[in-house]
Amino acid sequence: VTQLTVLGGGQLGRMLALAAIPLGVDVTTLDPSTDATARTVSRLTVGDLGDATAARTAATGSAIVTFEWEGVPASTTRELEESGWIVRPPTTALEVSQDRITEKTTFTALDIPVALFAPVSSRAELFNAIAALGTPAILKTRRGGYDGKGQAVIETEADVDPAWDALGPAASLILEAKVAFDRELSIIAVRSVDGDVRTWPLVENQHRGGILRTTVAPAAAITTELQALADGYARALLDHFSYVGVLTIELFQVGNTLLANEMAPRVHNSGHWTIEGAATSQFENHVRAVLGWPLGSTDLTAPSVMINCIGALPAPETILAIPGAHLHRYGKTPRPGRKVGHVTVTGTEAATLAARVDQVRAVLPADIG
Ligand code: AMP
C-alpha cells in the first residue's frame, strides 16, 4: 500500500483520508488532540505539530508528507525534509501564508492586486498608517489569525486607540484598507508534480462573525473573463512556488476586478462542495498531486450550496430526508463557533436547488448556518 502522512488531524485531514482510501492510500496523521476527528479514518500519532520527533514518528512508513493546517511550524516541515521526507506543498508557500505582510508582498510581486496595506508595530505607526490609508480600515495580527480572530475594524479615528489596545501590545500588525467589495469569492487550484494546473469554478463565500457560513458553487454571473483572471492569479502563485497540491485564494470582487485577501496552502472549507459537486474533489486531487499522480477533472458536475454547521448539528434524519442534501459530520464535540459538520445541497435546476436549500435551512437550528 501507499502511505501518506498528513500533519494535522482535523476535518480537513479526515476528508483527505476519506478521499485517499479508495485509491488504496493509507493515511497517518499527527495531531495534538487524542480525539482528533481524523482518528477514525487514519492512524493517529498524538503530538505537537511543532515537535519534529513526533512528526518523524507519524511519518514513518510514508515517503511523502503533506499538511492540512497552515499553522504547522515551518521548522517541522524543514526538519522532515532534512531527514529525507518529501513535503508537499512546499515549505516556502507555507511560510508565506503564515505572515500577512509577506503574503501581500508576494501577491504584489506577481501582479495580483491587494487592498492597500501597511505594517504596524507601534501606536505612532498605526496613526501614520491611518493617515495614509484612511478609514475604514482593518487592523490584523500579521500571524496566527483565523476565522476573523485577531482583527479590529477601525471605522473612525475614535476606534484607533481601542484597536491598538486590543491587538497592538501583543503582536506585529498589519493595517489594511477595508474593501467595499461586491462579494467574496475564492478560487481553488491544484498543481501536479509535472506542472499541470487545474482550477475549480469560482465560488461565492458568505461569512458571518468572521466565519464562513455558506459557499455557492458556482458563484452566480461569473464571466469567462473573471474566471480567467482568477485562474491566472492561481497559476502565477502555483508556478512561483513550484507548488504541488491544492492552493486556495480568498478574493474580494469589486466590479470586474479581484483583490486577493489571503491564500491557504491547503484544501479549504470553500471547496467542500467539490465532494459531491465536481468530477474530482479537492481532497482527491490533493492526494493525487502530492503522490505524483495525474490530476482528475475539476469540472463542476452539479451546482451546489455548502452550509457549515457551526456550534451545533442537525438531527441526521432531518437532513437525510431531503433530496440532494449530503450530510457530513466531523465527530467533533459541538462548542460555540466550532465547525462540526457541513451540508452540501446539490441540484441541477436552479429552482430545485434553491427549494432544497430552503428545506435544509428550515431544519437547521437558527444559529448553525
Ligand atoms: P481574514 O481573516 O483575512 O480572512 O478575514 C476574515 C473576513 O473579514 C474576510 O472574509 C472578510 O469578510 C473580512 N475582511 C478581511 N479583510 C478585509 C478587508 N481588507 N476589507 C474588507 N473586509 C475584510
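My aim in this report is to walk through the structure given alongside it, one point at a time. Owing to the predicted nature of the structure, the values given are computational and were not obtained by experimental measurement.

Counting secondary structure elements, the protein chain contains 12 helices and 18 strands. Since a compact globule built from 369 residues should have a radius of gyration of about 21 Å, the 20 Å found for the protein chain is in line with a globular shape. Overall size of the protein chain, expressed as C-alpha extent along the three principal axes, is 60 × 55 × 40 Å. Here the protein chain holds 369 residues, and the buried ones make up 53% of them. Contacts in the protein chain between residues at least 24 apart in sequence constitute 62% of all its contacts with a sequence separation of at least 6. Of the accessible surface of the protein chain, which amounts to about 14700 Å², a share of 53% is contributed by carbon and sulfur atoms.

Taken together, 15 residues are adjacent to the ligand, and K140, Q151, V179, E184 and E262 come closest. The separation between an oxygen atom of the ligand and a polar side-chain atom of R100 is 2.9 Å. Interatomic distance of 3.2 Å between a side-chain N/O atom of N261 and an oxygen atom of the ligand. Starting from 480 Å² of accessible surface for the ligand in isolation, the protein chains cover 90%.

Next up on the list: the sheet that holds strand β4 (residues 64–67). Reading across from one edge, β3-β2-β1-β4-β5 is the order of the five strands in this open sheet, with parallel pairing throughout. Looking at strand neighbours, the two that pair on one side only are β3 (43–46) and β5 (86–87), the edges of this open sheet. As defined by bridge partners, strand β2 (residues 25–31) adjoins β3 across four bridges and the pair is classed as parallel. From the neighbouring strand, D31 faces β3, where its bridge partner is V46.

Moving on to the side chain of H272. Along the chain, the position of H272 falls in the loop between β15 (257–264) and α9 (274–277). According to the relative accessible area criterion, H272 is buried, its value standing at 1%. Contacts of H272, omitting those with residues within four sequence positions, involve L12, M15, Q282, F283, M306, Y330, H342 and T344.

Position of T60 among the secondary structure elements: in the loop between α2 (52–59) and β4. Distance from T60 to W85, taken between C-alpha atoms, is 9.5 Å for residues 25 residues apart in sequence. Excluding its chain neighbours within four sequence positions, the residues that come into contact with T60 are Q3, R43 and W85.

So, about helix α5 (residues 100–109). Listed in full, the buried residues belonging to α5 are R100, I101, E103, K104, T106 and F107. Looking at where α5 begins, the residue whose side-chain oxygen comes 2.9 Å from the main-chain nitrogen of I101 is D99. D111 occupies a position one or two residues after α5 and carries a positive phi of about 65°.

All right, on to the pattern of salt bridges then. The final tally for this structure, using the stated rule, is 14 salt bridges. Measuring nitrogen to oxygen at the nearest pair gives 2.7 Å for the salt bridge that ties R78 to E95. Pair noted here: R78 is in helix α3 (residues 74–82) and E95 is in helix α4 (residues 91–97), with a separation of 17 residues, a long-range link. R78 gets classed as partly exposed once you look at its relative accessible area, which sits at 33%. Overall, E95 belongs to the partly exposed group, its relative accessible area being 31%.

Moving on: the nonpolar core. Ranked by size, the top nonpolar core spans 30 residues in total, and within it L4, W200, W273, F283 and L291 carry the most contacts. Those elements giving two or more residues to this core turn out to be β1 (2–7), α1 (11–20), β2, β10 (183–191), β13 (211–217) and α10 (282–290). With six residues, α1 is the single largest residue contributor to this core. Not counting chain neighbours up to four residues away, the residues in contact with W273 comprise W200, P201, V203, T215, A217, A278, L300, S304, M306 and T344. Counting residues in each nonpolar core, the second largest holds 25 residues, with L237, F241, I249 and L258 among its members.

The final tally for this structure, using the stated rule, is one aromatic pair. Plain terms: the ring middles of F181 and F252 are 4.9 Å apart, the flat faces sit at 5° to each other, and that makes the pair stacked. Taken together, the positions of F181 in the loop between β9 (173–177) and β10 and F252 in strand β14 (residues 245–254) put the pair 71 residues apart, joining distant regions of the chain. Accessibility expressed as a relative area gives 35% for F181, which makes it partly exposed.

Bringing the sheet that holds strand β8 (residues 151–154) into the picture now. Across the sheet, four strands lie side by side as β6-β9-β7-β8; this open sheet has antiparallel pairing. Strands at the two margins of the open sheet, each flanked by one partner only, are β6 (117–120) and β8. Going from strand to strand, the sheet's axes swing by 20° on average, the running direction of each strand aside. Sheet topology note: the strand β7 (residues 137–141)/β9 ladder contains five bridges and is antiparallel. Within the sheet, the bridge partner assigned to L139 lies in β9 and is L175.

How each quantity is defined
- Residues numbered from 1 in each chain as written.
- Predicted model: local features only at pLDDT ≥ 70, side-chain atom pairs only at ≥ 80, totals over all residues.
- Heavy atoms only, no water.
- Helix = DSSP H or I, 4+ residues; strand = E, 2+ residues; numbered from the N terminus.
- Rg over C-alpha atoms; globule rule 2.2 N^0.38 Å.
- Buried < 20%, exposed > 50% of the residue type's maximum accessible area, 1.4 Å probe, protein only.
- Contact = heavy atoms within 4.5 Å.
- Areas by Shrake-Rupley, 256 points an atom, 1.4 Å probe, with all protein chains shown as cover.
- Near = heavy atom within 4 Å.
- Polar contact = N/O pair within 3.5 Å; in protein donor to acceptor, adjacent residues only side chain to side chain.
- Pairing = 2+ DSSP bridges.
- Salt bridge = Lys/Arg side-chain N within 4 Å of Asp/Glu carboxyl O.
- Core = buried A, V, L, I, M, F, W, Y, C linked by side-chain atoms within 4.5 Å.
- Phe/Tyr/Trp six-rings, centres within 6.5 Å; stacked < 30°, edge-to-face > 60°.
- Axes fitted to C-alpha atoms, helices over the stretch in contact; angles between N-to-C directions.

Interpretation note: all reported values are geometric properties and have no functional meaning in isolation.
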